[in-house]
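Observations on the model geometry
Residue strings, one per chain:
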Amino acid sequence: MTDAVERRYARFAREEAPGRSALYAEWAVGVAGDPEVQRVLERIPENRRQPPLVFAATRLLGAGLEGYPAWRRFLMAHAEAVVAECAARQLQTNEPLRLAALLPVLSEIEGPLALLEIGASAGLCLYPDRYSYRYLDADGDVLSAIDPADGPSSVMLECRVHGSLPPLRPPEVVWRAGIDLAPLDPRDPRDRDWLRALVWPGESGREERVVAALDVAASDPPRLTAGDAVEEIAAVAAAAPPDATLVVTTPGVLVHLPRARRELLIERISQLSARWVTIDPPGLLDVWRPAIDEATWPGFVVALDGDVRAAADPLGRWWEWRTDVRAYAS
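Right, let's walk through the structure included here. Owing to the predicted nature of the structure, the values given are computational and were not obtained by experimental measurement.

Once that is clear, we can look at the packing of aromatic side chains. Applying the stated criterion to the full structure yields 13 aromatic pairs. With centroids separated by 4.9 Å and ring planes inclined at 55°, the aromatic side chains of Tyr 24 and Phe 55 adopt a geometry described as tilted. Here the residue Tyr 24 occupies a position in helix H2 (residues 22-32), and Phe 55 occupies one in helix H4 (residues 51-60), the gap between them amounting to 31 residues. Its relative accessible area of 0% is what places Phe 55 among the buried residues. Measuring from ring centre to ring centre gives 5.9 Å for Tyr 68 and Trp 71, while their planes differ by 35°; the resulting arrangement is tilted. Within this pair, Tyr 68 and its partner Trp 71 are both found in helix H5 (residues 68-77), separated by three residues, close to a single helical turn. Residue Tyr 68 is classed as buried on the basis of its relative accessible area of 10%. Three or more aromatic residues joined by ring pairs make a cluster, and in this case those are Tyr 9, Phe 12, Tyr 24, Trp 27, Phe 55, Tyr 68, Trp 71 and Trp 200. The lysine or arginine in question, Arg 20, covers the ring of Trp 200, its NZ or CZ lying 3.6 Å from the ring centre. Stacked on the ring of Trp 297, the Lys or Arg Arg 322 has its end atom at 4.6 Å from the ring centre.

Right, let's talk about the environment of Asp 215 for a bit. Along the chain, Asp 215 turns up in helix H9 (residues 206-219). For Asp 215, a relative accessible area of 42% gives the class partly exposed. Here the alpha-carbon distance between Asp 215 and Pro 186, two residues 29 residues apart in the chain, equals 7.3 Å. A polar contact of 2.7 Å, which involves the side chain of Asp 215, links it to the side chain of Arg 192.

For the pair helix H8 (residues 189-197) and H9, the least separation of the axes is 9 Å and the interaxial angle reads 150°. Relative to H9, the element H8 lies roughly antiparallel. Between H8 and H9 lies a crossing whose hand is right-handed. Here Arg 192, Leu 195 and Arg 196 of H8 come into contact with H9, specifically with Glu 207, Val 210, Val 211, Leu 214, Asp 215 and Ala 218. Of the residues contributing to the contact of H8 with H9, the split by class is five nonpolar, no polar and four charged.

The rules behind these values
Residues numbered from 1 in each chain as written. Predicted model: local features only at pLDDT ≥ 70, side-chain atom pairs only at ≥ 80, totals over all residues. Heavy atoms only, no water. Phe/Tyr/Trp six-rings, centres within 6.5 Å; stacked < 30°, edge-to-face > 60°. Helix = DSSP H or I, 4+ residues; strand = E, 2+ residues; numbered from the N terminus. Buried < 20%, exposed > 50% of the residue type's maximum accessible area, 1.4 Å probe, protein only. Lys NZ or Arg CZ within 6 Å of the ring centre and 35° of its normal. Polar contact = N/O pair within 3.5 Å; in protein donor to acceptor, adjacent residues only side chain to side chain. Axes fitted to C-alpha atoms, helices over the stretch in contact; angles between N-to-C directions. Parallel < 35°, antiparallel > 145°, perpendicular 65-115°, else oblique. Left-handed = near helix turned anticlockwise from the far one by under 90°. Contact = heavy atoms within 4.5 Å. Nonpolar A, V, L, I, M, F, W, Y, C, P; charged D, E, K, R; others polar.

As structure tokens, this is what we get:
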């Protein structure tokens, strides 16, 4: 089994960490060449052994942002605690910047809105009306600036735009709810620390953005339900105010579901009187209209009710509108 751990961490160092975190790349290279460490990680359940989760768990427990030798010493000295922490945790990348890719689609939907997010974590993507947005061109110049009704937010979301810019406006959100297997409380210090630990070293500005968004969520916590979304979505959706447009969002979560559960969840969403906004890998779903070429599509797909709107970075750092802007002109 150590071969599987070795391959997993070598692939992460080769394909995922470069350009995002030099330190995580170093740690992963170290793990891939260290059979003793691999034997410790084998004790973690296979679905809790991802490098970002293991690295975040060690940081939560006190590992410093130092080179591999120091990280290895920490792991070996706290192996039992690390194994237990990883087994109890899951990756919950609650990145509010994803809303920069979703705001153009939310701008199309007549409000007021009742938002229901699947895989909500601490609910940081349930506050599109409480954040500020700056859409930038290739030179970094501001193409569009969107702020909440009461002025600029402490959470600033910057997104690079390729091509045309559709009409944008802050939505009116009157209800916020989420479903997650293990929801996090934005007011709980331990949960806040976990979300901070999930930020990769070297991702400039991301931890500050997450902390600011946690403060927004803590001041007005959303309704978060623990459980399987397939089983819970109907009951949670029924609690939405009837005079608001229900919008179900699945930003980056469907890729983590087995195919059968994913298809069943999409079917359950389609049975609601709701709009569906998602951002997913191009080859993940077969509902896209029009059909897209997975081989040439950049980034993820942003869609409304399966209708393709844009290509986007999975975390919202850039997007490219892919439909006729004139159709959405006010």
